[in-house]
Amino acid sequence: MEKAPHILVVDDHREIRDLVAKFLTRNGLRVTVADGGTQMRDLLARAAVDLVVLDVMMPGEDGIALCRALRADGDLPVILLTAVSGDDDRVVGLEAGADDYVTKPFNPRELLARIRAVLRRTQAGPRPVVEGEPKALRFDRFVLDPQRLSLTDEAGRAVALGTAEFRLLHAFLTRPGLVLSRDQLLDLTAGRTPQLFDRSIDNLVSRLRRRIERDPQEPALIKTVWGNGYVFAGEVEAER
C-alpha cells in the first residue's frame, strides 16, 4: 500500500500547528510539525518530507528566508501561509520559490486542496513518451529531458528547477524565436487559476534566468520584448 504524503507544517503558533496537523491527518496525510527553522532543518535531516507548509511571519528566520534556503538546497515543494494578501507580498513569496500560498485566516479545506494540487504537479513523475516528442532539448550548455523532468549542465550536473520553472523553460525551448505574451506563458506553465497573475511570470522568468543565463542582468537566452512578453533567443537542438 502506498504511503500517504508526508507534510511538514512550520509555524511558531502552536494553535495553528495543531489545527492544521489534525485536519490534514484526518484527511489522510502524514503530518509533522516544527516551531521554526532550527526544528525544521532537524526534521528534514531525519525524515523524508513531500511538502512544507511555511508560515511567513515568524521570529528569527521568517518563512521567506526559509523558503529561499529550501529552494537553494533542492526542489521540495513549499506552500506559504501569509497574513497579508497584497500582490507585492505574493510576488515576494513566489520569487522566493514558493509553489503556492494561502492567506490567513484560511479555511483548512482550502489549504488541503492547495496541498493536493501542488503534490499532483510535483509528484506526477515522468510523462509517457509521445511519438515525435524530443527525448532531449539541448541549448547553450544545458540539456533538458522532458521525460525525466530534469535539467543538466555540460558536466552532467543536475540544475534544480521548480515545477513552474521547468514548465516555463520547456515552453520556451519548444517555441524558440517565438514571442510569447505573459498570458500565453501563464497558460503554458500552470494553467489559468485565480492565484496566477502577470507579475508571477516576470518573477518566474527572473528565477529561470538566474539558473541558466551566464549574466542574468544581461540575458542572452531569454530576452524581454517590451510591451509584448518574452522570447527564447538561443539555438535549440532536439534529440529524437
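Everything below is about the structure printed above this text.
Residues numbered from 1 in each chain as written. Predicted model: local features only at pLDDT ≥ 70, side-chain atom pairs only at ≥ 80, totals over all residues. Heavy atoms only, no water.

Asker: How should the sheet that holds strand E3 (residues 51-55) be read in this particular structure?
Answerer: Strand-to-strand pairing in sheets goes through backbone hydrogen bonds, with the strands running parallel or antiparallel. What the 5 strands build is an open sheet, ordered E2-E1-E3-E4-E5; its pairing is parallel. The open sheet has two edge strands with one neighbour each: strand E2 (30-34) and strand E5 (100-103). Pairs of neighbouring strands in the sheet enclose a mean axial angle of 20°, with direction left out of account. Pairing of E3 with strand E4 (residues 78-82) involves 4 bridges; the strand directions are parallel. Residue Asp 55 lies in a different strand from E4, and its bridge partner there is Leu 81. Relative to E2, helix H1 (residues 14-26) is tilted by about 170°, and along the sheet it contacts strand E1 (6-10) and E2. Against the sheet, helix H2 (residues 37-46) touches E1, E2 and E3, its axis set at about 140° to E2. (Pairing = 2+ DSSP bridges. Helix = DSSP H or I, 4+ residues; strand = E, 2+ residues; numbered from the N terminus. Axes fitted to C-alpha atoms, helices over the stretch in contact; angles between N-to-C directions. Contact = heavy atoms within 4.5 Å.)

Asker: Any chance you could explain the environment of Ala 4 here in plain terms?
Answerer: Summarising the element assignment, Ala 4 is placed in the segment before E1. Each C-alpha atom of the pair Ala 4 and Leu 29 lies 5.4 Å from the other, and the pair is 25 residues apart in sequence. Among residues more than four places away in sequence, those in contact with Ala 4 are Gly 28, Leu 29, Arg 30 and Asp 50.

Asker: Could you clarify how one ought to interpret the pattern of salt bridges in this entry?
Answerer: Two side chains carrying opposite charge are able to pair once their charged atoms lie near each other. Scanning the entire structure with this criterion turns up 15 salt bridges. Notably, a salt bridge pairs Arg 46 with Asp 42, separated by 3.1 Å at the nearest N-O pair. On the criterion of helical spacing, the pair formed by Arg 46 and Asp 42 is a turn pair, its members being 4 residues apart in helix H2. Given a relative accessible area of 40%, Asp 42 falls into the partly exposed group. Ionic contacts of the salt-bridge type, sharing partners, join the residues Asp 11, Asp 55 and Lys 104 into one network. (Salt bridge = Lys/Arg side-chain N within 4 Å of Asp/Glu carboxyl O. Buried < 20%, exposed > 50% of the residue type's maximum accessible area, 1.4 Å probe, protein only.)

Asker: Would you mind going over the packing of aromatic side chains with me for this structure?
Answerer: This model, assessed by the stated rule, comprises 2 aromatic pairs. Their ring planes at 80° and their centres at 5.7 Å tell us that Phe 139 and Phe 232 sit as a pair that is edge-to-face. In this pair, Phe 139 is assigned in strand E6 (residues 136-139) and Phe 232 in strand E10 (residues 229-232), connecting sequence segments 93 residues apart. With a relative accessible area of 1%, Phe 139 lands in the buried category. Exposure remark for Phe 232: the relative accessible area of 1% places this residue in the buried category. The rings of Phe 139, Phe 142 and Phe 232 are connected pair by pair, giving a single aromatic cluster. (Phe/Tyr/Trp six-rings, centres within 6.5 Å; stacked < 30°, edge-to-face > 60°.)

Asker: What is the right way to look at helix H7 (residues 182-189) in this model?
Answerer: Note that an α-helix has 3.6 residues per turn; residues three or four places apart therefore point the same way. The complete set of buried residues in H7 reads Leu 185, Leu 186 and Thr 189. Looking straight down H7, one finds that the buried residues subtend no more than 105° of arc, so they occupy a single side. (Arc of directions from axis to C-beta.)

Asker: How should I be thinking about H1 in this particular structure?
Answerer: A rise of 1.5 Å per residue sets the reference length of H1, with its 13 residues, at 18 Å; its end C-alpha atoms lie 18 Å apart and thus fit the reference within 8%. Of all the positions in H1, only Arg 17, Val 20, Ala 21, Phe 23 and Leu 24 are classed as buried. Backbone geometry just downstream of H1 places Gly 28 in the positive-phi region, at approximately 90°. (Expected span 1.5 Å × (residues − 1).)

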